[in-house]
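Close look at the chain arrangement
These are the residues of each chain, in order.
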Amino acid sequence: MYFVFSGNAFAVVFAVLFGIIWGLAIFNMDRYIVSSIDKQGSTNQQILQASPRILLAIMIGIVISRPLELKIFDKEIRQKLKTAYIKGQHSKLDTLEKTYMGKYAMEMGKNKELKREKDSLESDINNSRSQLNQEVFGDKTDQTSGITGYGTYAKQKQAVLQEKEDRLNEVRANQEKMDQYLADRKNYEGINDVRMFSSHQLDSLANVAGFADRNWALGQLGYNDDGSRNLDTYLAESFIGFLFILFECLPVFVKLMSPMGPYDVAVSKLSEADVHYAERDKERNIQVTDSVYDHERETDIERRRRIISAQSDYDLERHSYD
C-alpha cells in the first residue's frame with residue numbers, strides 16, 4: 001500500500017492503517033480456522049478443513065513478499081529501469097529514423113546523387129586546373145601542347161574549367177536546398193526533438209517509477225542480458241516468497257501436526273453438548289408447537305360449535321314467531 005500511494009503525503013498513514021486492518025483480519029481468520037479444525041476427524045478431513053487457509057496463505061505470501069523484494073533489490077531495480085529508459089529512447093529514435101528514411105527515400109536518394117556529382121566535379125576541376133597550369137607554363141604532356149603562354153589550347157581548357165565550376169556552383173546550391181529541406185523535414189517529424197536522458201533525468205525517472213514499472217524490473221532481474229536465467233537472483237526472490245508462504249501456513253501446520261490435547265477434548269465435548277442441547281431444544285420446540293396447535297384447534301372447534309348452536313337457536317325462535 002505504501003508503493004500504491006507513493007508520492008502522497010499520507011502514504012505512510014495509509015500503509016499503517018491498512019497494515020493494522022489486514023493484520024487483524026488475518027489474525028481472526030487464523031484463530032477461527034485453527035480452532036475449528038476437528039482433531040477427532042481423520043487426517044484427510046483435517047487437511048480438507050485447513051485447505052482454504054493453506055491456499056489463502058500461499059496467495060498472501062506471494063502478495064506480501066513482493067514489496068519486500070522490491071525494497072531489497074531497490075538498487076538493482078533502479079539500474080534496470082535506467083537501462084530500460086535508455087533503450088526506450090534509442091528504440092523511439094530508431095523508429096523515427098526508419099519512418100523518416102522510408103518517407104523521404106526519394107529526396108535522400110537525390111541528395112546522394114548531388115553529393116556524388118559534386119565530389120566528381122571537384123575532382124575534375126582540380127585535374128582541369130592542373131592541366132591549365134601545365135598548358136600555360138608549356139609543360140608537355142598527353143593532355144597539353146607544350147606551348148608556353150595563354151594560347152588557343154589554354155583558352156579551351158579555361159572554358160572547360162569555367163563550365164565545370166559553373167556546374168559545381170549549381171550542384172552546391174541544389175544540395176544546400178535539399179539539405180535544408182531534409183533538415184526541416186526532420187524537425188517536422190520530431191527526430192531532432194528526441195534527446196537522450198541525462199544522468200540526473202534518469203535518477204528522477206527511477207525515483208518516480210510506479211509499482212508496475214518496478215515490478216517489471218524486478219521480474220527482469222531474474223534473467224541475464226542474453227535471455228538465460230539468472231539463477232542467483234531467481235533463487236533469492238523465490239526463497240523470500242517461500243519464507244512468507246511458510247510463515248503464513250505455520251499456524252495451520254502446527255495445528256495439523258500436533259496431537260489431540262485437553263483443549264481439543266474440551267472443545268469436542270463442548271461441541272457435543274451444544275449439539276445435544278440443540279437437538280433437545282428442537283424437540284421441546286416441536287412439542288410446544290404441537291401442544292399450542294392442538295389447543296388452538298380445540299378452542300377454534302369449540303368456538304365454532306357455539307356459534308353454530310346460537311345461530312340455530314335464533315333461527316328456531318324466529319321461525320316459531322313467524
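A brief report on the enclosed structure follows. The written sequence of each chain sets the order in which its residues are numbered from 1. In keeping with the predicted nature of the model, local features appear solely for residues at pLDDT of at least 70, side-chain atom pairs appear and are counted solely at 80 or more, and the whole-chain, interface and lining totals rest on all residues. Side-chain figures throughout are based on the complete set of non-hydrogen atoms in the structure, without hydrogens or water.

**Focus: the overall build of the protein**
Stated formally: Here a strand is any run of E in DSSP of at least two residues, a helix any run of H or I of at least four, and the numbering for each starts at the N terminus. Computation of the radius of gyration draws on C-alpha atoms alone. For the globule rule, the value is 2.2 Å times the number of residues to the power 0.38. We call two residues contacting when some pair of their heavy atoms lies within 4.5 Å. Only the protein chains shown count as cover for residues, with accessible areas throughout obtained via the Shrake-Rupley method and a probe of 1.4 Å. When charges are counted, neither His nor the chain ends are considered; positive counts come from Lys and Arg and negative counts from Asp and Glu. Note on charges: their place is set at NZ of Lys, CZ of Arg, CG of Asp or CD of Glu.
When helices and strands are counted, the protein shows nine helices and zero strands. Each helix and strand of the protein, ordered N terminal to C terminal, gives the series α-α-α-α-α-α-α-α-α. Taking 20 Å as the expected radius of gyration for a compact globule of 322 residues, we find that the protein reaches 49 Å, considerably beyond that expectation. Taking as baseline every contact in the protein between residues at least 6 positions apart, the subset at least 24 positions apart corresponds to 70%. Approximately 23,200 Å² of the protein is accessible, and the part contributed by carbon and sulfur atoms is 58%. Charge separation in the protein, taken as the distance between the mean sites of 42 positive and 48 negative side-chain charges, equals 6 Å.

**Focus on the packing of helix α1 (residues 11-36) against helix α2 (residues 43-72)**
Spelled out, the test is: All axes here are fitted lines through C-alpha atoms, helices being fitted over the stretch that makes contact, and every angle between N-to-C directions spans 0 to 180 degrees. Reported orientations rely on four angle classes, namely roughly parallel under 35 degrees, roughly antiparallel over 145, roughly perpendicular from 65 to 115, and oblique for the rest. Crossing handedness is defined as follows: a turn of the near helix away from the far one that is anticlockwise and smaller than a right angle gives a left-handed crossing, while the clockwise case is right-handed. For this scheme, ten residues count as nonpolar: Ala, Val, Leu, Ile, Met, Phe, Trp, Tyr, Cys and Pro. Four count as charged, namely Asp, Glu, Lys and Arg, and the remainder, Gly too, count as polar.
Contact geometry for α1 and α2: axes closest at 10 Å, N-to-C directions at 155°. Compared by their axis directions, α1 and α2 come out roughly antiparallel. For the element pair α1 and α2, the recorded crossing hand is left-handed. For the pair α1 and α2, contact is made by Trp 22, Ile 26, Met 29, Asp 30, Ile 33 and Ser 36 and by Gln 49, Arg 53, Leu 56, Ile 60 and Ile 64, respectively. A per-class count over the contact of α1 with α2 returns seven nonpolar, two polar and two charged.

**What to know about the packing of aromatic side chains**
Rules: A pair of aromatic rings is counted whenever rings of Phe, Tyr or Trp (Trp by its six-membered ring) have centres within 6.5 Å, and the orientation is called stacked for planes under 30 degrees apart, edge-to-face for over 60 and tilted otherwise. By definition, being over a ring means that NZ of Lys or CZ of Arg is both within 6 Å of the ring centre and within 35 degrees of the ring normal.
Summed over all chains, the structure comprises three aromatic pairs. Arranged with centres 5.7 Å apart and planes meeting at 25°, the rings of Phe 18 and Trp 22 form a pair that is stacked. With Phe 18 and Trp 22 both in helix α1 and four residues apart, the pair spans about one turn of that helix. Arranged with centres 6.2 Å apart and planes meeting at 90°, the rings of Phe 239 and Phe 242 form a pair that is edge-to-face. Within this pair, Phe 239 and its partner Phe 242 are both found in helix α8 (residues 231-257), separated by three residues, close to a single helical turn. A cation over an aromatic ring shows up here: Arg 229 above the ring of Tyr 234, its NZ or CZ 4.1 Å from the ring centre.

**Comments concerning the pattern of salt bridges**
Quick note on the threshold: The working definition used for a salt bridge is a side-chain nitrogen of Lys or Arg within 4 Å of a carboxyl oxygen of Asp or Glu.
Enumeration over the complete set of coordinates arrives at 14 salt bridges. Residues Arg 66 and Glu 69 are paired through a salt bridge, measuring 3.1 Å at the closest nitrogen-oxygen approach. With Arg 66 and Glu 69 both in helix α2, this residue pair falls three residues apart, about one helical turn. Glu 117 is the partner of Arg 167 in a salt bridge, and the nearest nitrogen-oxygen pair spans 2.8 Å. Pair noted here: Arg 167 is in helix α5 (residues 152-189) and Glu 117 is in helix α4 (residues 105-137), with a separation of 50 residues, a long-range link.

**So, the side chain of Thr 233**
How we decide: The definition of a polar contact used here is a pair of N or O atoms within 3.5 Å, where within protein one atom must be able to donate a hydrogen and the other to accept one, and adjacent residues in sequence count solely through side-chain atom pairs.
For Thr 233, the location among the structural elements is in helix α8. Among the polar contacts listed, one links the side chain of Thr 233 to the side chain of Asn 230, at a separation of 3.4 Å. Thr 233 has contacts with Phe 73, Leu 221 and Gly 222, leaving out every residue within four places of it along the chain.

**A word on the layout of surface pockets**
Filter applied, for reference: The distinction between a cavity and a pocket rests on a 1 Å grid over the protein atoms alone: a 1.4 Å probe fits inside a cavity but cannot get out, while a pocket stays open yet meets protein on both sides within 12 Å along at least five of seven lines, and a residue with an atom within 4 Å of a point counts as lining. Grid points are joined across faces, edges and corners, and a volume is the space filled by probe spheres set on the points.
If you add up the space inside the largest pocket, you get close to 420 Å³. Lining the largest pocket are 15 residues, and of these Met 1, Phe 18, Val 63, Ile 64 and Pro 67 lie nearest its centre. Contributing elements (two or more residues each) for the lining of the largest pocket: α1 and α2. The class makeup of the residues in the lining of the largest pocket is 13 nonpolar, one polar and one charged. Here the second largest pocket is characterised by a volume of approximately 250 Å³. Around the second largest pocket, the lining comprises 14 residues; the ones closest to its centre are Tyr 2, Phe 3, Ser 6, Asn 207 and Arg 214. At the level of elements, α3 (74-103), α6 (199-207) and α7 (211-220) are the ones that each hand at least two residues to the lining of the second largest pocket.

**As for the packing of α2 against α7**
Relative to each other, α2 and α7 sit at 80°, their axes nearing to 10 Å. Between α2 and α7, the interaxial angle falls into the category roughly perpendicular. Contacts between α2 and α7 pair Arg 66, Glu 69 and Leu 70 from the former with Phe 211, Arg 214, Asn 215, Leu 218 and Gly 219 from the latter.

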